[in-house]
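Chain and residue survey
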Amino acid sequence: MKSIRQTLTIKENRQVTDKTWYMRLAGDVSAITAPGQFVNLQIPGKYLRRPISVHQAIAGAKEISILYDVAGEGTEILTKLGEGRKLDVLVGLGNGFSIPEEIEHPLLLGGGIGCAPLLQLGIDLLMAGKKPVAIFGFNTKKDIIPIYKRMSEIGIPSYIATVDGSAGTKGFVTDAIAEKNIQYDYFYGCGPTPMLKALCELPTPGQLSLECRMGCGFGVCMCCSLETAGGVKRICKDGPVFDKEDLIWK
């Protein structure tokens, strides 16, 4: 098996909102083959790695980008690392999103930092001849990350929902679906658990990327196990992307 452990070099690391940062990493990222996969970063001075979704993977340029929220000591340390710093990274982890041949008008639904992997998915959908639309949900206007503008630039109609109504539709991504009367035949979702539960009530089939705490990131420690319609699965190894009908909410 090809080693997934790589040394990647930071090419860019900058703040994009009050709590969200954008990092670009260069090196051998050939193990990343699908949108929705993630990397596991070794943080200087920390024992456990930090799993972070891939925002965009550029195979020819041998680089990836990630978005991360500052949520604790580990991610705070990440913000201090400058250009040229080398990181020990496990790449190509997890099973990403797939693109069913029969779909034509997929809807991309992201919440908070969960919006991150939808950029590469949107690019892949366009390359597959699909006509995606995207909705991104945030708590407030100051939390909006640049993926909204990037999607629009590449030709994907994109909308915003904020819980406090400070930008776009007031409410959640599901409220924006109704307000904009968006027609779709499939959906992809990534975000906090309450949002994903709500998306499972949508009338079409879809795929959801789950967020959770992880230990190893490749299926050995079993700390990210969950019950599914097909038995106990590991989010890091069997996911993080699952079909809607496979998920059991308790």
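Description of the structure in this document. Please read all numbers here as calculations on a predicted model, not as lab measurements.

For strand β3 (residues 38–41) and strand β4 (residues 50–58), the ladder comprises 4 bridges, and the chain directions are antiparallel. Across the sheet, residue F38 finds its bridge partner in β4, namely S53. Summarising the sheet, β4 and strand β5 (residues 63–69) pair through 4 bridges and their orientation is antiparallel. Paired with Q56 across the strands is S65, a residue of β5.

A few words now on helix α2 (residues 118–127). Counting buried residues in α2 gives 7 out of 10 residues, a clear majority hidden from the surface. Every buried residue belonging to α2 is among L118, L119, Q120, L121, G122, I123 and L125, and all of these are buried. In the segment just after α2, G129 is the residue with positive phi, at about 85 degrees.

Within a sheet, each strand pairs with its neighbour through backbone hydrogen bonds, oriented either parallel or antiparallel. Strand order in this closed barrel of 6 strands is β1-β2-β5-β4-β3-β6, and the pairing throughout is antiparallel. Put simply, the sheet's adjacent strands are angled 45 degrees from each other on average, direction ignored. Sheet topology places strand β2 (residues 20–26) next to β5; 7 bridges connect them, and they run antiparallel. Bridging from a neighbouring strand, L25 pairs with I64 of β5.

Moving on: the pattern of salt bridges. Inspection of every chain in the model, using the stated rule, returns 10 salt bridges. Of the charged contacts, one joins R24 and E12 as a salt bridge, the two residues approaching to 3.1 Å between their closest N and O atoms. Separated by 12 residues along the polypeptide, R24 in strand β2 and E12 in strand β1 (residues 5–15) bring together distant segments of the chain. Between K142 and D143 there is a salt bridge whose closest N-O contact spans 3.6 Å. Using a relative accessible area of 52% as the deciding quantity, one classes K142 as exposed. D143 sits in the buried class, given a relative accessible area of 10%.

Turning our eyes to something else, we now look at the side chain of T204. Among the structural elements, T204 can be located in the loop between α5 (193–199) and β12 (206–209). The residues touching T204, leaving out its near neighbours within four places in the chain, are Y184, D185, Y186, F187 and K244.

Here helix α4 (residues 173–180) has its buried residues at V173, A176 and I177. The buried side chains of α4 occupy one side of the element, clustering within an arc of 105 degrees when seen end-on. Exposed positions of α4 whose direction lies more than 90 degrees from the buried face are A178 and E179. Those residues of α4 that are buried lie in contact with β7 (106–111), β8 (133–138), β9 (158–162), β10 (169–170) and α5.

Analysis parameters
- Residues numbered from 1 in each chain as written.
- Predicted model: local features only at pLDDT ≥ 70, side-chain atom pairs only at ≥ 80, totals over all residues.
- Heavy atoms only, no water.
- Pairing = 2+ DSSP bridges.
- Helix = DSSP H or I, 4+ residues; strand = E, 2+ residues; numbered from the N terminus.
- Buried < 20%, exposed > 50% of the residue type's maximum accessible area, 1.4 Å probe, protein only.
- Axes fitted to C-alpha atoms, helices over the stretch in contact; angles between N-to-C directions.
- Salt bridge = Lys/Arg side-chain N within 4 Å of Asp/Glu carboxyl O.
- Contact = heavy atoms within 4.5 Å.
- Arc of directions from axis to C-beta.

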